Amino acid sequence: MCGIVGYIGKKNSKCLLMEGLKRLEYRGYDSSGIAMLNDGHIICCKAVGKISNLESKLQNADFDSNIGIAHTRWATHGEPNEVNAHPHTDSKNQVAVVHNGIIENYAELKKDLQKKGCVFKSATDSEVLAHLIAMFIDEGCGLEEAVRRTMEQIEGTYGMAVICVKYPNKMVAARNGSPLIVGLGDDEFIVASDASAVVEHTRQIIYLNDHELITLNSQDYIIKTIQDIHVHKSVDNIDWDLGKIEKAGYPHFMLKEIFEQPESIHNAMRGRFDDEECTAHLGGLQKVKDRLRKTKRIIISACGTSWHSALIGEYLFEDLAQIPTEVEYASEFRYRNPIIYEDDTVLLITQSGETADTLAALREAKRKGALTLAICNVVGSTIARESDAGVYLHAGPEIGVASTKAFTSQLTVLSLAALMLGRMHNMSPVQGERIITALRNLPFQIEQIFKADKIIKEIAERFTYAQNFLYLGRGYNFPAALEGALKLKEISYIHAEGYPAAEMKHGPIALINESMPVVFIATQDAIYDKVISNIEEVKARKGYVIAIATEGDEKISQKADKVIYIPDTLPFLVPILSVIPLQLLAYYIAILKGCNVDQPRNLAKSVTVE
Ligand code: M6R
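Please read all numbers here as calculations on a predicted model, not as lab measurements.

## Re the overall build of the protein
So, point 1. A count of helices and strands for the protein gives 19 helices and 26 strands.
So, point 2. In terms of overall dimensions, the protein is globule-like: its C-alpha atoms have a radius of gyration of 25 Å, near the 25 Å expected for 610 residues.
So, point 3. With the C-alpha coordinates aligned to their principal axes, the bounding extent of the protein is approximately 80 × 55 × 40 Å.
So, point 4. The buried share of the protein, reckoned over its 610 residues, is 62%.

This is the structure in structure tokens:
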């Protein structure tokens with residue numbers, strides 16, 4: 001949510017900052033801006049909408065410097081217009097700030113600052129930062145001390161970068177609750193919300209922790225805590241390259257990421273099977289294995305697509321490992337004083353590892369003494385670092401705002417964890433072996449599903465302008481139905497709802513008529529016949545049925561209007577396959593409607609505000 005990037009070094013920074021912004025655009029895209037120190041002044045340029053608008057504005061401007069900050073915004077306080085776009089400056093244009101997060105006590109601070117004569121230009125919470133820092137500088141503080149004192153005054157979350165005309169060779173950046181990294185180059189530093197803005201220039205990065213600030217000049221840096229204590233940090237290495245964050249010939253990141261799934265699922269499993277013991281070996285969980293063995297209950301907490309994975313995780317852990325499991329929306333869990341025991345395990349699922357609500361749920365669980373585990377994609381993210389142990393997805397960067405490959409990788413890792421826990425308890429080696437074989441087969445089976453592209457496109461053409469969609473499934477296929485509906489609504493803006501198929505008759509059935517497309521995930525499992533009855537109920541009311549069915553199922557083609565076949569697998573692995581056509585259906589409909597699939601309206605990739 002909002003992306004920030006800052007540069008200090010020997011180069012002219014305009015191009016580098018603009019490139020960085022483009023890589024961060026998926027974090028927010030309602031406006032953007034850039035500020036630089038130039039000849040004793042702050043020069044600033046802002047634009048509403050996409051970063052390309054800012055780029056056009058800058059094209060002929062005499063605008064460059066070797067120190068600058070930039071921002072791409074996802075509005076929280078104040079509508080997306082030029083005045084509210086970052087960077088923000090103080091009344092005298094001495095200090096410029098970019099900020100990601102929310103300053104919760106900004107209203108009180110603003111009132112005080114106004115009484116002291118500060119003139120505010122924007123409706124944002126962030127502008128108070130510029131005025132506060134300028135005020136401390138006027139009182140005689142250096143830039144670093146002014147930022148530190150500001151950190152003491154503010155409540156809420158922030159990742160920020162600050163420049164000041166009085167300190168032309170200095171930049172200060174600070175974090176609390178919103179991610180911030182620093183890339184270390186040769187006589188240059190890049191501050192950014194995530195590594196995608198940095199990887200083109202250096203692979204050496206430092207992760208800032210909450211309540212830390214870093215002061216940079218082009219040669220050196222110093223990190224301190226808000227209490228003014230020096231911190232020594234290790235330098236981490238990014239292990240992926242630029243190719244991973246480019247489209248590689250695909251028209252959109254989302255499509256690229258859908259088609260990457262055979263590989264990303266393979267990567268989620270790689271080196272994680274123990275064929276001798278017929279189990280999974282998850283290196284990241286080794287150090288907590290004994291505690292995990294004794295766990296009495298698992299609570300899984302997540303948001304959005306990751307919450308759908310959590311629902312499947314619940315079924316998996318109860319089914320394969322017989323461990324009672326509950327699922328909680330992180331946004332609810334964090335505020336409802338949940339009962340958590342010390343022998344509970346709280347598992348957080350998150351692609352980004354930065355989702356504010358999931359992070360708060362993790363901290364609450366830790367505070368109450370539970371074992372905390374994370375299933376996470378972004379290496380070095382806050383949730384990955386703060387949990388007791390965890391498992392990475394190794395899916396590579398996911399740039400499309402609609403999550404696709406992260407979802408199937410999460411399900412793969414959850415299946416591995418359930419296999420491992422099951423084998424720790426009472427799962428037989430034969431069953432373990434069967435699961436391993438089925439998991440290994442998944443990448444090939446997904447390749448087969450891609451061949452059904454034509455029929456999915458036909459369905460997309462027929463329903464491009466549908467007003468509503470229903471997605472129904474039972475058992476493991478119910479969360480997959482929820483995920484299918486979420487994909488459609490977030491990128492095509494068509495209203496879609498997911499339901500357990502049998503719940504339909506308790507209300508949603510009233511919506512069914514000849515113009516209502518109903519997607520059934522109706523694969524051959526123990527409750528297949530029940531789902532067929534639900535299809536009959538829809539057909540009796542003239543609904544249009546699109547079925548995702550098991551290859552070789554002849555019966556269903558007589559019931560449904562369109563059938564998309566997927567290969568057979570174990571019931572709990574079906575969602576990994578059934579979601580693929582649903583992702584493609586959403587993608588093709590959105591494209592036909594002319595929607596921006598990679599950057600849907602109002603959304604951002606990492607939701608780092610609550
Ligand atoms: O990074 P996370 O997995 O924690 O993100 C959670 C949700 O914000 C995310 O899944 C969101 O729902 C996606 N837009 C879904 O496609």
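## Details of the site of the ligand
So, point 1. Surrounding the ligand, one finds 15 residues, the nearest of these being S306, Q351, S352, T355 and E490.
So, point 2. One of the side-chain nitrogen or oxygen atoms of T350 is found 2.7 Å away from an oxygen atom of the ligand.
So, point 3. In the model, an oxygen atom of the ligand is placed 3.0 Å from a nitrogen or oxygen of the K487 side chain.
So, point 4. Here the ligand has 410 Å² of accessible area as a free molecule, and 91% of this is covered by the chains.
So, point 5. Where the shell around the ligand is concerned, the elements lending two or more residues are α9 (304-321) and α16 (477-492).
So, point 6. Here the shell around the ligand is built from residues that sort into 5 nonpolar, 8 polar and 2 charged.
So, point 7. Formed jointly, the shell around the ligand draws a minimum of three residues from each of two domains, domain 2 (253-427) and domain 3 (452-592).

## So, the packing of aromatic side chains
The geometry of an aromatic ring pair comes down to the distance between the two centres and the angle between the two planes.
So, point 1. Here the structure, examined in full by the defined rule, presents 10 aromatic pairs.
So, point 2. Between F259 and F450 the ring centres are 4.3 Å apart and the planes differ by 35°, which places this aromatic pair in the tilted class. Residue F259 is found in helix α6 (residues 253-259), and its partner F450 is found in helix α14 (residues 429-450); the two are separated by 191 residues along the sequence.
So, point 3. Assessed through its relative accessible area of 24%, F259 is described here as partly exposed.
So, point 4. Judged by centre distance (5.4 Å) and plane angle (70°), the ring pair of Y587 and Y588 falls under edge-to-face.
So, point 5. Through successive ring pairs, a cluster of aromatic residues spans F463, F469, Y471 and Y544.
So, point 6. Sitting over the ring of Y493, R601 keeps its end group 3.8 Å from the ring centre.

## Observations concerning the domain arrangement of the protein
So, point 1. Domain annotation for the protein reports domain 1 (3-238), domain 2 (253-427) and domain 3 (452-592).
So, point 2. A straight line from the C-alpha centre of domain 1 to that of domain 2 covers 33 Å.
So, point 3. With 8 residues of domain 1 in contact, the opposing surface of domain 2 contributes 9 residues.
So, point 4. Summed over both sides, the interface between domain 1 and domain 2 buries roughly 730 Å², with carbon and sulfur atoms accounting for 49% of that surface.
So, point 5. Of the charged contacts in the structure, one is a salt bridge between R363 and D210, with a shortest N-O distance of 2.7 Å.
So, point 6. Seen at the junction of domain 1 and domain 2, the total is 4 residue pairs in polar contact (both at pLDDT 80 or more).
So, point 7. Split by residue class, the side of domain 1 that touches domain 2 holds 5 nonpolar, 1 polar and 2 charged.

## Comments concerning the pattern of salt bridges
So, point 1. On inspection of all chains with the given rule, the structure shows 34 salt bridges.
So, point 2. For K22, the salt bridge is made with E55, and the minimal N-O distance between the two is 2.7 Å. Of the two residues, K22 is situated in helix α1 (residues 14-24) and E55 in helix α2 (residues 51-58); the sequence distance between them amounts to 33 residues.
So, point 3. Judged by its relative accessible area of 31%, E55 is partly exposed.

## Remarks on unusual backbone geometry
So, point 1. In this structure, P87 follows H86 across a cis peptide bond, with omega equal to 0°.
So, point 2. Here P87 is to be found in the loop between β4 (67-73) and β5 (88-89).
So, point 3. One non-glycine residue, N93, lies in positive phi territory at about 60°.
So, point 4. Mapped onto the fold, N93 is located in the loop between β5 and β6 (95-100).
So, point 5. One non-glycine residue, H211, adopts positive backbone phi at about 65°.
So, point 6. Mapped onto the fold, H211 is located in the loop between β11 (204-207) and β12 (212-216).
So, point 7. The class of H211 is partly exposed, set by a relative accessible area of 37%.

## Here we look at α14
Given 3.6 residues per turn, any residue in an α-helix points the same way as the ones three and four places further on.
So, point 1. Taking 1.5 Å of rise per residue, the 22 residues of α14 would be expected to cover 32 Å, and the 33 Å separating its terminal C-alpha atoms lies within 8% of that figure.
So, point 2. Along α14, the sharpest change in direction is near 40° and occurs at L442; proline P443 comes one to four residues later.
So, point 3. Within the sequence span of α14, burial applies to G432, I435, I436, A438, L439, L442, P443, Q445, I446, I449 and F450.

## Describing α2
So, point 1. All buried positions along α2 are accounted for by I51, L54 and L58. Viewed along the axis of α2, the buried residues span an arc of 55°, placing them on a single side of the element.
So, point 2. Those residues of α2 hidden inside the fold are in contact with α1, β2 (31-38), β3 (41-48) and β4.

## Describing the sheet that holds strand β18 (residues 325-329)
So, point 1. The strand order across the open sheet built from 5 strands is β18-β17-β19-β20-β21, with neighbouring strands paired in parallel fashion. Strands with a single pairing partner mark the edges of an open sheet, and in this sheet they are β18 and β21 (389-392). Taken pair by pair, the neighbouring strands of this sheet meet at an average axis angle of 20°, ignoring direction.
So, point 2. Strand direction decides the pairing type here: strand β20 (residues 371-376) and β21, joined by 4 bridges, are parallel. Each bridged residue has a counterpart across the sheet, and for A374 the counterpart in β21 is G390.
So, point 3. Seen against the sheet, α9 touches β17 (297-302), β18 and β19 (344-350) and runs at an angle of roughly 170° to β18.
So, point 4. Along the sheet face, helix α11 (residues 356-367) touches β17, β19 and β20 and points at about 165° away from the line of β19.

## Brief notes about the nonpolar core
Within soluble globular proteins, side chains that are nonpolar generally end up buried alongside one another.
So, point 1. Ranked by internal contacts, the top residues of the largest apolar core, which has 99 residues, are L285, F317, L347, L421, F469, Y471 and L585.
So, point 2. Of all the elements, helix α19 (residues 574-592) adds the most residues to this core, at 13 residues.
So, point 3. Each of domain 2 (253-427) and domain 3 (452-592) accounts for three or more of the residues forming this core.
So, point 4. Among residues more than four places away in sequence, those in contact with F317 are I298, I300, Q322, I323, T325, L347, L414, A417, A418 and L421.

Parameters and conventions
- Residues numbered from 1 in each chain as written.
- Predicted model: local features only at pLDDT ≥ 70, side-chain atom pairs only at ≥ 80, totals over all residues.
- Heavy atoms only, no water.
- Helix = DSSP H or I, 4+ residues; strand = E, 2+ residues; numbered from the N terminus.
- Rg over C-alpha atoms; globule rule 2.2 N^0.38 Å.
- Buried < 20%, exposed > 50% of the residue type's maximum accessible area, 1.4 Å probe, protein only.
- Near = heavy atom within 4 Å.
- Polar contact = N/O pair within 3.5 Å; in protein donor to acceptor, adjacent residues only side chain to side chain.
- Areas by Shrake-Rupley, 256 points an atom, 1.4 Å probe, with all protein chains shown as cover.
- Nonpolar A, V, L, I, M, F, W, Y, C, P; charged D, E, K, R; others polar.
- Domains from an automatic or database assignment.
- Phe/Tyr/Trp six-rings, centres within 6.5 Å; stacked < 30°, edge-to-face > 60°.
- Lys NZ or Arg CZ within 6 Å of the ring centre and 35° of its normal.
- Contact = heavy atoms within 4.5 Å.
- Buried area = accessible area lost by both parts, 1.4 Å probe.
- Salt bridge = Lys/Arg side-chain N within 4 Å of Asp/Glu carboxyl O.
- Expected span 1.5 Å × (residues − 1).
- Bend = angle between axes of the 7 residues up to and from the residue.
- Arc of directions from axis to C-beta.
- Pairing = 2+ DSSP bridges.
- Axes fitted to C-alpha atoms, helices over the stretch in contact; angles between N-to-C directions.
- Core = buried A, V, L, I, M, F, W, Y, C linked by side-chain atoms within 4.5 Å.

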